[in-house]
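Spelled out, the chains give:
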Amino acid sequence: MSKRAAAFAQSDDKRPKYDGNDMRLRISPMPSTHLFVGHPFDLNVFLDVPEARKHGAPTNDVTLHVDLMYVTEETHAGGARGTAPIIGSASLLEILPSSSSQFGANMCATLKLCIKDTSKDHQNRDFTVVVSALRNGAVADDIRMVVSNPLKVVKFKLVIAEMTGIDDDGLWYKDQGGRDKAISLKLQMVDKDGSVALPSQRIPLRCKLMYGNGNAVGNTNLLKISPECSQQINEDGFGDIKYRIEDVSKNHQKNSFCVHVCPDFKFNPAFTDIAPVLSPPVNVKSKVSKRPKQENKQPYSYAADTMPKPEPQPLKITGPRTGPGSPQQSMHKVIEWAGMVIKGIESMEWVLYGYEHQADGSGADMSKPIYRCPACNVTKSAHKQQTKHQTDCFIAQIMLQYSFEVYHHLADLLKAVESNSEDQNQTMGESSSSS
Ligand SMILES: [Zn+2]
């Protein structure tokens, strides 16, 4: 990392935490949390320009500067992740010539990056990509930098080739079909080309029950691993896990359950260059209910269904930030929070569910992932972009209502609060000048 960018990184927490007048860089989507070493990946960087500055300083002279850094334990004001420079980082991060380091008409630049060391070579520390904006070679201090999610760089990944034992709609009835009834995961270890990788020794696996939202389940007794599975990756690169979940989702705020499968790092620390895998979520019920199943669910019929789906964008605050406890500050807080919720919901909309079969039936095709909405369980593959959520999908409802209604209500409220305070300031100004 250059001295210039380091100085900029350090000064970041001294800058105002939230200033609606700042231009800022944004990475969307965030890269995968586990990247293959020496394998290029795309990083889409957007330049967000607040409405008030759209006609201000030109942005066509802005270029991007990219650094690889370590993630540190500390967090900065506002929850920003701490970073630390890596000695010789320039030789660890390759920026491919096909990268665009300038913004196109859509205010997006696509960087093509490649990390050349594994995390294992760095005491298993997390990396992060730091992108800052330059103008004529100097840091553009009116544009906020952006830091990627924590990244682990690995040689191999565990993938789920097949999941069996659950219904098509992601349901699993734990009290039906006997005590032997279990969910099965067929696992593979693959390299960067998606080919099965042969380990030099067997790899024992550790399993942990998680909620669909990514949080760990406190009670570790709810996950029962069947003795009738390998619970390891064998020398042929394959393995399996058979498990039961001994509680219903209803008892856990209706959360679905996933199983996190990870090589046993305690057995052999060298396994840290193999990425763990998270199973698709399962909604656990006790028994099929006597009530007839809801037939022919209508496709999602919200107004937006027939038009292109809007990207729900956090509302930009353009007015000045005023003192604590003021209505404006409360309003800003609500808008900031709503933007955070929408970003969070958006990131959860489609989670990896599995892979399509090869055309010749020879197993999973790693280049064709299938995604599933964790709320309504609708699946979509990469070539079926226009998949619709179910009518009652709360993720779709939240995002659409935000884009089409709430966003505008918040904008109206903000305008009202700000014009109200301007009126008051004027009144106060008049009364103080007259006294
Ligand atoms: Zn959905």
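Each residue is numbered by its place in its chain's sequence as written, counting from 1. The model is predicted, so local features are restricted to residues of pLDDT at least 70 and side-chain atom pairs to those at 80 or more, both for listing and for counting; the totals for chains, interfaces and linings are taken over all residues.

### Notes on the overall build of the protein chain
- Note on conventions: DSSP H or I runs of at least 4 residues are helices, E runs of at least 2 residues are strands, and numbering of each starts at the N terminus. Within the protein chain one finds four helices and 26 strands.
- Counting over 435 residues, the protein chain shows a buried share of 26%.
- It is the C-beta atoms, placed from the backbone, that decide contacts: two residues are in contact if theirs lie within 7 Å. Restricting to contacts in the protein chain with at least 6 residues of sequence separation, those with at least 24 account for 66%. Three classes are used. A residue is buried when 20 or more other C-beta atoms lie within 10 Å of its own, exposed when 12 or fewer do, and partly exposed in between, with C-beta atoms placed from the backbone.

### A few points about the sheet that holds strand β7 (residues 108–115)
- Strand order in the open sheet formed by five strands is β6-β7-β3-β1-β10, with mixed pairing between adjacent strands. Of all strands in the sheet, those with a lone pairing partner are β6 (93–95) and β10 (143–144), marking the two edges.
- Strand pairing is defined by DSSP finding a minimum of two bridges between the two strands. Looking at chain direction, β6 and β7 are connected through three bridges and run antiparallel. Its bridge partner lying in β7, L93 is registered against I115.

### With respect to the nonpolar core
- Ranked by internal contacts, the top residues of the largest apolar core, which has 57 residues, are L25, V45, V131, L158 and I274.
- Counting contributing residues per domain, this core is built from domain 1 (19–154) and domain 2 (156–285), each supplying no fewer than three.
- Judged by nonpolar contacts, the second largest core, of eleven residues, contains C373, V378, M399 and Y402. Any set of buried Ala, Val, Leu, Ile, Met, Phe, Trp, Tyr and Cys residues joined through C-beta atoms within 7 Å is what this text calls a nonpolar core. An automatic or database domain assignment is the source of the domain bounds shown.

### Digging into the sheet that holds strand β25 (residues 364–372)
- With antiparallel pairing, the three strands of this open sheet are ordered in space as β24-β25-β26. Because the sheet does not close on itself, it has two edges, and the strands there are β24 (351–357) and β26 (379–381). Each strand of the sheet is rotated relative to its neighbour by a mean of 40°, with strand direction disregarded.
- Note: β25 against β26, three bridges, orientation antiparallel. Within β26, the residue paired with R372 across the bridge is T379. For every element, the axis is a line fit to its C-alpha atoms; helices are fit only across the contacting stretch, and the angle between N-to-C directions ranges from 0 to 180 degrees.

### Digging into unusual backbone geometry
- In the segment running from S28 into P29, the intervening peptide bond is cis, with an omega of -5°.
- Mapped onto the secondary structure, P29 falls in the loop between β1 (23–27) and β2 (34–36).
- Of note, Q231 is a non-glycine position whose phi angle comes to about 45°, a positive value.
- Not every positive phi belongs to a glycine, and N377 is a case in point at roughly 65°.

### Brief notes about the confidence of the model for the protein chain
- Known as pLDDT, the predictor's per-residue confidence is scaled from 0 to 100. Across the protein chain, pLDDT averages 81, with 81% of residues at or above 70.
- Ranking the elements of the protein chain by mean pLDDT puts helix α1 (residues 3–11) last with 40 and strand β12 (residues 152–154) first with 97.
- pLDDT under 50 marks residues 1–18. Its contacts with residues more than four places away, or in other chains, come to 25 contacts.
- Across residues 428–435 the pLDDT falls below 50, and counting only partners more than four positions away or on other chains, this stretch makes zero contacts in the model.

### Looking at the environment of S249
- In this structure, S249 sits in the loop between β19 (238–245) and β20 (257–263).
- The sequence separation of S249 and N283 amounts to 34 residues, and the corresponding C-alpha distance is 6.0 Å.
- Those residues within four positions of S249 in sequence are excluded, and the remaining contacts are K254, N255, S256, F257, N283 and V284.

### Here we look at helix α3 (residues 327–348)
- In a helix, the anticipated span is given by 1.5 Å times the number of residues less one. With 22 residues, α3 should reach 32 Å at 1.5 Å per residue; the first-to-last C-alpha distance of 32 Å fits that figure.
- Taken residue by residue, α3 has M331, H332, I335 and I342 as its buried positions. Looking straight down α3, one finds that the buried residues subtend no more than 100° of arc, so they occupy a single side. Counted as exposed and oriented over 90 degrees from the buried face of α3: S330, K333, W337, M340 and G344. Our arc is simply the arc of the directions from the helix axis toward the C-beta atoms.

### Thoughts on the pairing of strand β15 (residues 183–190)
- The element β15 is extensively covered by neighbouring structure, given that six of its eight residues are classed as buried.
- The pairing of strand β13 (residues 156–164) with β15 spans seven bridges and is classified as antiparallel. By the bridge assignment, E162 is partnered in β15 with K186.
- Pairing geometry for β15 and β19, over six bridges, is antiparallel.

### Structural notes on the pairing of β1
- Note: β1 against β10, two bridges, orientation parallel. Along β10, the bridge assignment pairs R24 with R144.
- As judged from the four bridges shared by β1 and strand β3 (residues 41–48), these two strands associate in the antiparallel manner. Residue R24 lies in a different strand from β3, and its bridge partner there is D48.

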